[in-house]
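# Analysis of the macromolecular model
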Amino acid sequence: MILVYLFIGLVVVQRLAEVGVAKSNERWMMERGAFEAGANHYPVMVALHVCFFLSLLTEVTIRQSEWTMWSILPLVFFLIAQAIRVWALATLGRSWNTKIIVLPGAEPVNHGPYKWIRHPNYAVVVLEIFFLPLVFQAYVTAIVFSLLNVAMLSVRIKAEEEALNHEGGYQQTFKHVRRFISIRKK
């Protein structure tokens, strides 16, 4: 059980470190005239992620989860997602944030993983929320939070794309790139 808690703890520490980077990036962008969009759903998104980890820890504790041979495949998918996460965040550099922070006049990033998919980091989050619990046979957490996350991302991606397109260049830049989650236009 100790290794299970240690592994989940390392993922939580990684997330907290990312929040620190996001705060630094937010300050840097705001100093250059950026603005925040979609702030109303941000606390819900944070709550979803906190509840995900609490649910995961609760389920693995109740189930007395351990590493099994069935942990290998979801672990591989989780680790691949981490590599894509690092690639996506490195590609965005100072523009990456957990909030929707838009710097007017900045060109949309359309290289790295963004060349093929508009929101690779959200694809990573979908993979993580599904596969991390499966590493420890936490099926309820995997299913419930995957569904909640898809609902959250449908709101989040719409708000982000509207904010990024405030000057009209985002949609034009990405007209050839598929969205991760299809959003219906009104």
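Here is a short report on the structure shown in this document. This is a predicted model, so every value here is computed, not measured.

### Structural notes on the packing of helix α1 (residues 2–30) against helix α3 (residues 72–92)
At a closest axis distance of 14 Å, the pairing of α1 and α3 adopts a crossing angle of 15 degrees. Judged by the angle between their axes, α1 and α3 are roughly parallel. Viewed along their axes, α1 and α3 form a crossing whose handedness is left-handed. For the pair α1 and α3, contact is made by Phe 7, Val 11, Gln 14, Arg 15 and Glu 18 and by Leu 75, Phe 78, Gln 82, Arg 85 and Leu 89, respectively. Along the lines of polarity and charge, the residues of the contact of α1 with α3 split into five nonpolar, two polar and three charged.

### Focus: the pattern of salt bridges
Scanning all chains against the criterion turns up nine salt bridges. Two residues, Glu 161 and Arg 118, come together in a salt bridge whose shortest N-O distance is 3.1 Å. Note that Glu 161 is positioned in helix α5 (residues 139–164) and Arg 118 in the loop between β2 (100–102) and α4 (120–135), a separation of 43 residues in sequence. Between Arg 156 and Glu 160 there is a salt bridge, with its nearest N and O atoms 3.9 Å apart.

### Things to note about the nonpolar core
Grouped together as the largest cluster of nonpolar side chains are 21 residues, with contacts concentrated most on Phe 7, Ile 8, Phe 52, Leu 56, Val 60, Leu 132 and Phe 136. Going through the elements one at a time, α1, α2 (42–63), α3, α4 and α5 are the ones with two or more residues in this core. Setting aside its immediate chain neighbours within four residues, Phe 52 contacts Glu 128, Ile 129, Leu 132, Pro 133, Thr 141 and Phe 145. Counting seven residues, the second largest nonpolar core, distinct from the first, contains Ala 22, Ala 88, Val 109 and Tyr 114.

### Quick notes on α4
Counting along an α-helix, one turn takes 3.6 residues, and residues three or four places apart therefore face a common direction. Across its 16 residues, α4 extends 22 Å between first and last C-alpha, which sits within 8% of the 22 Å expected from 1.5 Å per residue. Approximately 25 degrees is the largest bend angle found in α4, and it occurs at Glu 128. With respect to burial, α4 is a largely interior element, 13 of its 16 residues being buried. A positive phi of about 55 degrees marks Gln 137, the residue just after α4.

Quick notes on the rules
Counting of residues starts from 1 at the beginning of each chain's written sequence and follows it residue by residue. The predicted origin of the model limits local features to residues at a pLDDT of at least 70 and limits the giving and counting of side-chain atom pairs to 80 or more, whereas totals for whole chains, interfaces and linings rest on all residues. Where side-chain values are given, they derive from all heavy atoms of the structure, hydrogens and water being excluded. With axes taken as lines fitted to C-alpha atoms, and helix axes fitted only over the stretch in contact, angles between N-to-C directions fall between 0 and 180 degrees. Elements are defined by DSSP. Helices are runs of H or I of four residues or more, strands are runs of E of two residues or more, and each kind is numbered from the N terminus. Every angle not falling under 35 degrees, over 145, or within 65 to 115 is termed oblique; those three ranges are roughly parallel, roughly antiparallel and roughly perpendicular. Helix crossings fall into two classes, left-handed where the near helix is turned counterclockwise from the far one by less than a right angle and right-handed where it is turned clockwise. Two residues qualify as a contact provided that any one of their heavy atoms is within 4.5 Å of a heavy atom in the partner residue. When residues are sorted by character, Ala, Val, Leu, Ile, Met, Phe, Trp, Tyr, Cys and Pro go into the nonpolar class, Asp, Glu, Lys and Arg into the charged class, and all the rest, Gly among them, into the polar class. Here, a salt bridge means any Lys or Arg side-chain nitrogen found within 4 Å of an Asp or Glu carboxyl oxygen. The definition of a nonpolar core used throughout is a set of buried Ala, Val, Leu, Ile, Met, Phe, Trp, Tyr and Cys residues joined through side-chain atoms within 4.5 Å. Only protein chains enter the area calculation, which uses a 1.4 Å probe; residues under 20% of their type maximum are buried, those over 50% are exposed, and those in between are partly exposed. One less than the residue count of a helix, multiplied by 1.5 Å, gives the span that helix is expected to have. We define the bend at each residue as the angle formed by axes fitted to the 7 residues ending at it and the 7 residues starting at it.

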